[in-house]
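The lines below spell out each chain.
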Amino acid sequence: MSKILIIEDEQAIRNVLKSILMDEDPKWVVDEAENGLVGIEKIKQNEYDLVISDIKMPMKDGTEVLVEAMEYNPELQFVMISGHGDIEIAVDCLKKGAFDFLSKPPDLNRLLNTVRIALDHKSLKSSNKALKKENKELKKKVSKKYTMIGDSPELTQVKTMIEKVATTDARVLILGPNGTGKELVAHHIHEQSTRNKKPLVEVNCAAIPAELIESELFGHVKGSFTGAVKDKQGKFELADGGTIFLDEIGDMSLSAQAKVLRALQEGKVSPVGSEKEINVNVRVLAATNKDLRKEIDEGRFREDLYHRLAVIIINVPGLNDRKDDIPALVNHFAEDFSLNLGLENKSFDDKAHEALKEIDWTGNIRELRNVVERLMILGANPISEEDVKMYVKK
Ligand SMILES: Nc1ncnc2c1ncn2[C@@H]1O[C@H](COP(=O)(O)OP(=O)(O)OP(=O)(O)O)[C@@H](O)[C@H]1O
């Protein structure tokens, strides 16, 4: 349904316009106002999509109505009706935000065409606004997902390192056991860097089969191997201007390591099956839970690649080494679960927090997050020491 308001001081013209519009589309609701003052009142009280307004009217002319209404509702579409001699004013109205103007007496086809296009324009504008709002909310959600909780000296040191390295282009190797927040650290470095308007492209090196990793990182040309049915851009190219995050780098095959080394040395990549070299401007972050020194000693990791990657090393401590962060982490996850997963909002009493501090967190923050979810589902409100004892078995 579209709502249209006609503002026109001549009743005969109002009647004609109204009946033309109502005959044309039963989904159009057409309202009328006999002058600019009444028009503005109606605009304030109703959600119109389109206003068709005469220019010359006593009390408040069409230009004034347009300016006032646009301040009130910038999405409202205006079509002005200009009499003989006020074309210049009509053109001025376009500059002030009117969608179009029609000359008096309006030609039937032109009137209907203009009304349809103006209404389409309005619905595009509205959906664009709705999308922008949705996008903003999603961004808020994503940034909440990446909030780094904790002010223990161990985590504070990690945060300080992030701040120091983020603004540089230095390669960073992020080390630490599973589930300690290495991916989170990579996100923070990218978000605090000048590359943050460009993508952060993540590659989980452990999840990609050895024979596909090269094509995943550098792309391929059609026909270069069975299954390469069309050209494909690699992650390095996709990250151009931004950051690539090579997660689980310790699991990368030696042949892929050689290719990555070349890309880092020369700043160029070659898609699989192609002679051409593509220049890329990419900052590289890498992470692993493996002891790369041991991997080097045992011949599974290239020492030259290690030195290229490890310009800066950030060690993310295990949760057992920063147990003071547990209460804040628990409250953060509990709030997240009740807001985003619709779980009943439950609090944790002090003894429950203490009991959680006693646990050996081999799975680190990921494990703590799962435990909080379990307690939110199964525990009483507030969640007590007994709940922790009953539902967290080690
Ligand atoms: N300081 C923190 N504050 C809030 N949430 C955190 C924190 N650190 C980690 N997390 C959360 O814990 C989970 C595991 O973190 P993340 O995936 O970054 O760990 P990881 O070290 O990269 O793990 P893996 O080695 O298994 O890849 C994620 O849900 C992450 O959002």
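Here, residues in each chain are numbered from 1, in the same order as that chain's written sequence. Totals for whole chains, interfaces and linings use all residues, but because this is a predicted model, local features are given only for residues with pLDDT of at least 70 and pairs of side-chain atoms are given and counted only at 80 or more. Hydrogens and waters are ignored; side-chain quantities use all the structure's heavy atoms.

Here we look at unusual backbone geometry
The omega angle of the peptide bond from K104 to P105 is -10°, so this bond is cis rather than trans. With respect to the helices and strands, the residue P105 is situated in the loop between β5 (100-103) and α5 (108-145). The residue after N381, namely P382, is reached through a cis peptide bond having omega 0°. Every helix listed is a DSSP run of H or I at least four residues long, and every strand listed is a run of E at least two residues long, numbered separately from the N terminus. With respect to the helices, strands and loops of the structure, P382 is situated in the loop between α15 (364-378) and α16 (385-391). Of note in this structure, M59 is not a glycine but carries a positive phi near 75°.

Details of the UniProt feature "domain: Response regulatory" (unreviewed entry) in the chain
UniProt positions are given in the numbering used here, feature names are shortened, and annotations may be inferred rather than shown by experiment. The positions that UniProt labels "domain: Response regulatory" (unreviewed entry) are, in the present scheme, residues 3-119. Between the C-alpha atoms that bound residues 3-119 there is a distance of 9 Å. The span itself is 48% helix and 22% strand.

Some words on the nonpolar core
In this structure, L217, F236, I244 and L246 are the most contacted members of the largest nonpolar core, which totals 33 residues. When residues of this core are traced back to their parent elements, those giving at least two are β6 (172-175), β7 (200-204), α8 (210-218), β10 (243-247), α10 (254-266), β13 (283-288), α11 (292-297) and α12 (303-309). Of all the elements, α10 adds the most residues to this core, at 5 residues. Note on contacts: a residue pair qualifies if any of its non-hydrogen atoms lie within 4.5 Å across the two residues. Once residues within four sequence positions are removed from consideration, F236 is found in contact with L217, F218, I244, A263, V269, V280, V282 and V284. F333, A334, F348 and I383 belong to the second largest nonpolar core, which has 23 residues in total. To define a nonpolar core, start from buried Ala, Val, Leu, Ile, Met, Phe, Trp, Tyr and Cys residues and group those joined through side-chain atoms within 4.5 Å. A simple rule labels every residue: compare its accessible area, found with a 1.4 Å probe on the protein chains alone, to the largest value its type can have, and call it buried under 20%, exposed over 50%, or partly exposed in between.

Things to note about the sheet that holds strand β14 (residues 312-315)
What the 5 strands build is an open sheet, ordered β7-β10-β13-β6-β14; its pairing is parallel. At either margin of the open sheet sits one strand with a lone partner, and together these are β7 and β14. Averaged over neighbouring strand pairs, the angle between their axes works out to 20° when direction is ignored. Taken together, the 4 bridges between β6 and β14 define a ladder with parallel strand orientation. Counted as the bridge partner of I174 is I314 from β14. Here an axis means a line fitted to C-alpha atoms, over the contact stretch when the element is a helix, while the angle between two N-to-C directions is reported on a 0 to 180 degree scale. Together, β6, β13 and β14 form the strand contacts of helix α6 (residues 153-166), whose direction differs from that of β14 by roughly 155°. Note on pairing: two strands pair once DSSP finds at least 2 bridges between them.

Regarding the site of the ligand
Throughout, near means a residue has at least one heavy atom within 4 Å of the molecule or strand. Of all residues adjacent to the ligand, which total 20 residues, the nearest are I149, G179, K182, E183 and R366. Each polar contact in these results corresponds to two N or O atoms within 3.5 Å; when the atoms are within protein, one needs to be able to donate a hydrogen and the other to accept it, and residues that are neighboring in sequence are counted only if both atoms are side-chain atoms. Taking N178, its side chain carries an N or O atom lying 3.1 Å from an oxygen atom of the ligand. G179 is positioned with one of its backbone polar atoms (N or O) 3.0 Å from an oxygen atom of the ligand. Elements with a minimum of two residues in the shell around the ligand: α7 (182-191), α13 (326-340) and α15. Each residue gets one of three labels, nonpolar for Ala, Val, Leu, Ile, Met, Phe, Trp, Tyr, Cys and Pro, charged for Asp, Glu, Lys and Arg, and polar for the others, Gly among them. The class makeup of the residues in the shell around the ligand is 8 nonpolar, 5 polar and 7 charged.

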